[in-house]
Amino acid sequence: MASKKKNTAQIISLDAFGSAKDYWLCWVQSPLTHFSFAVNVQKHFDLPCTYIGNILLEDVHPDLKFPMYLTNFNMEYDVNMVILANHVTAPTALSMDQQNPLLGGLLFEDEYYLFNNQGLSKIHFSYPQADYLFLLSIDKQADITDYSALLPQIPNIQVLCQNTPQMVAEGQKKSKQVLDFLQYLFYESEAAVKEFRQRKLSQQLHHKMSVAEANYGYLRFPVEDNRMITSNLLRREDY
């Protein structure tokens, strides 16, 4: 009887990656917890730094959740920086799978890393013990170096590595695997940013994203009640 093939998450590189936006990554060390780290960034730039969700590694364990925070430098050119925790406390079940039963139980909680060169980690990476990643993205019309140069100036951090996703991946042994995962992180974080903004806009409008026909006067043709409001004025920076 043929054995069943194990289902694992497949990440596929897309040629279109980087065609509409420029991307920049930065791995840093900091003694601060993720919430305090976000507050530190917010104070430094005097810009909101807001929790927007988690990166999930359900193929490894359903309880592995890496928190993300968003800072927007410029709405016109969609300059977003997502702060992503590089490690979280590993679930007990996952840690137990890695233990030698002859050596007894766990003395300390294990940390699971997105990128690291030892221990529990998703991607083997040549720069060890990073605490956070900065995922910077920007429309092609603007210069990303104007913003990437600001990252090392943040207090209470030590920069380990920074570059474009392609250049970072080329410096690693399994470059294809690294680039695939970096693309995944950018796509997932951008989806989280979009969902967060849509949720925030809906709350500001008291969850009324359409205008009922009763509010229109002298209509020649009927208007659907579920027609969405799409005006860019709703997304003004001064709102």
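Look a little higher up for the structure.
Reading the values: rules and limits
- Think of each chain on its own: its residues are numbered from 1, step by step along the sequence as written.
- With the structure being a predicted model, the display of local features is reserved for residues of pLDDT at least 70 and the display and counting of side-chain atom pairs for 80 or more, all residues being used for whole-chain, interface and lining totals.
- Think of the side-chain values as coming from all heavy atoms in the structure, minus any hydrogens and water.
- The numbering of helices and of strands both runs from the N terminus, where a helix is a DSSP run of H or I of at least 4 residues and a strand a run of E of at least 2.
- Relative accessibility decides the category of a residue: with a 1.4 Å probe and only protein chains considered, values under 20% of the type maximum give buried, values over 50% give exposed, and everything between is partly exposed.
- The contact criterion used is simple: two residues touch if any of their non-hydrogen atoms lie within 4.5 Å.
- Any helix carries an expected span of 1.5 Å times its number of residues minus one.
- The arc in question is formed by the directions pointing from the helix axis toward the C-beta atoms.
- Nine residue types can take part in a nonpolar core, namely buried Ala, Val, Leu, Ile, Met, Phe, Trp, Tyr and Cys, and a core is a set of them joined through side-chain atoms within 4.5 Å.
- Any two rings among Phe, Tyr and Trp, with Trp reduced to its six-membered ring, count as a pair given centres within 6.5 Å; such a pair is stacked if its planes are under 30 degrees apart, edge-to-face if over 60, and tilted if neither.
- When DSSP finds at least two bridges between two strands, those strands are taken to pair.
- Comment: axis = line fitted to C-alpha atoms, over the contacting stretch for helices; angle = value between 0 and 180 degrees taken between N-to-C directions.

Asker: For this particular structure, what's the right way to read the environment of Tyr147?
Answerer: Inspection of the secondary structure assignment puts Tyr147 in helix H3 (residues 145-148). In this structure Tyr147 comes out as buried when scored by relative accessible area, which is 17%. Separated by 10 residues in the primary sequence, Tyr147 and Ser137 have C-alpha atoms spaced 9.6 Å apart. Apart from residues no more than four positions distant in its own chain, Tyr147 is found in contact with Phe73, Asn74, Val79, Leu136 and Ile138.

Asker: Looking at this model, I keep getting lost on helix H1 (residues 34-45). Mind explaining?
Answerer: Every α-helix carries 3.6 residues per turn, so stepping three or four residues along brings you back to the same face. Taking 1.5 Å of rise per residue, the 12 residues of H1 would be expected to cover 16 Å, and the 17 Å separating its terminal C-alpha atoms lies within 8% of that figure. Every buried residue of H1 is listed here: Phe37, Ala38, Asn40, Val41 and Phe45. End-on, the buried residues of H1 take up no more than an arc of 155 degrees, which puts them together on one face. Residues of H1 that are exposed and point more than 90 degrees away from the buried face comprise Phe35 and Lys43. Contacts made by the buried residues of H1 are with strand S1 (21-29), strand S3 (65-74), strand S4 (79-85) and strand S8 (132-139). The positive-phi residue at the C-terminal boundary of H1 is Asp46, with phi of around 55 degrees.

Asker: Sorry if this is basic, but what is going on with the nonpolar core here?
Answerer: Considering soluble globular proteins, one finds that nonpolar side chains tend to be buried as a cluster. Formed by 37 residues in total, the largest nonpolar core has its most connected members in Trp27, Phe66, Leu84, Phe115 and Leu185. Looking at this core element by element, the count peaks at 9 residues for helix H5 (residues 175-204).

Asker: So what exactly am I meant to see when it comes to the packing of aromatic side chains here?
Answerer: The geometry of an aromatic ring pair comes down to the distance between the two centres and the angle between the two planes. A full pass over the atoms with the stated rule returns 12 aromatic pairs. Between the aromatic rings of Tyr23 and Phe186, the centroid separation amounts to 4.5 Å while the plane-to-plane angle is 55 degrees, which identifies the pairing as tilted. Of this pair, Tyr23 sits in strand S1 while Phe186 sits in helix H5, placing them 163 residues apart in sequence. Neither Tyr23 nor Phe186 differs from the other in exposure class; each is buried.

Asker: What should I look at first to understand the sheet that holds strand S5 (residues 87-89) in this one?
Answerer: In a beta sheet, neighbouring strands pair by backbone hydrogen bonds and run either parallel or antiparallel. Within the open sheet, the 3 strands sit side by side as S5-S6-S7. Their pairing is mixed. The sheet terminates laterally at S5 and strand S7 (120-124), the two strands that pair on one side only. For this sheet, the mean angle separating the axes of adjacent strands, direction not counted, is 10 degrees. Relative to strand S6 (residues 111-116), S5 is paired through 3 bridges, and the arrangement is antiparallel. Bridge pairing links Thr89 to Glu111 in S6.

Asker: Which parts of the structure should I look at to understand unusual backbone geometry?
Answerer: Peptide bonds are mostly trans, and most non-glycine residues show a negative phi. One non-glycine residue, Asp46, adopts positive backbone phi at about 55 degrees. With respect to the helices, strands and loops of the structure, Asp46 is situated in the loop between H1 and strand S2 (50-56). Accessibility expressed as a relative area gives 68% for Asp46, which makes it exposed. A positive phi is found at Asn156, a non-glycine position, where the angle reads about 65 degrees. Under the relative-accessibility criterion, Asn156 is labelled partly exposed at 48%.

Asker: What is the right way to look at the environment of Gly53 in this model?
Answerer: Positionally, Gly53 belongs in strand S2. Owing to a relative accessible area of 14%, Gly53 belongs among the buried residues under this scheme. In this structure the C-alpha to C-alpha distance between Gly53 and Phe196, which are 143 residues apart in sequence, comes to 8.3 Å. Sequence-distant contacts of Gly53, that is, excluding residues within four places in its chain, are made with Phe66, Pro67 and Met68.

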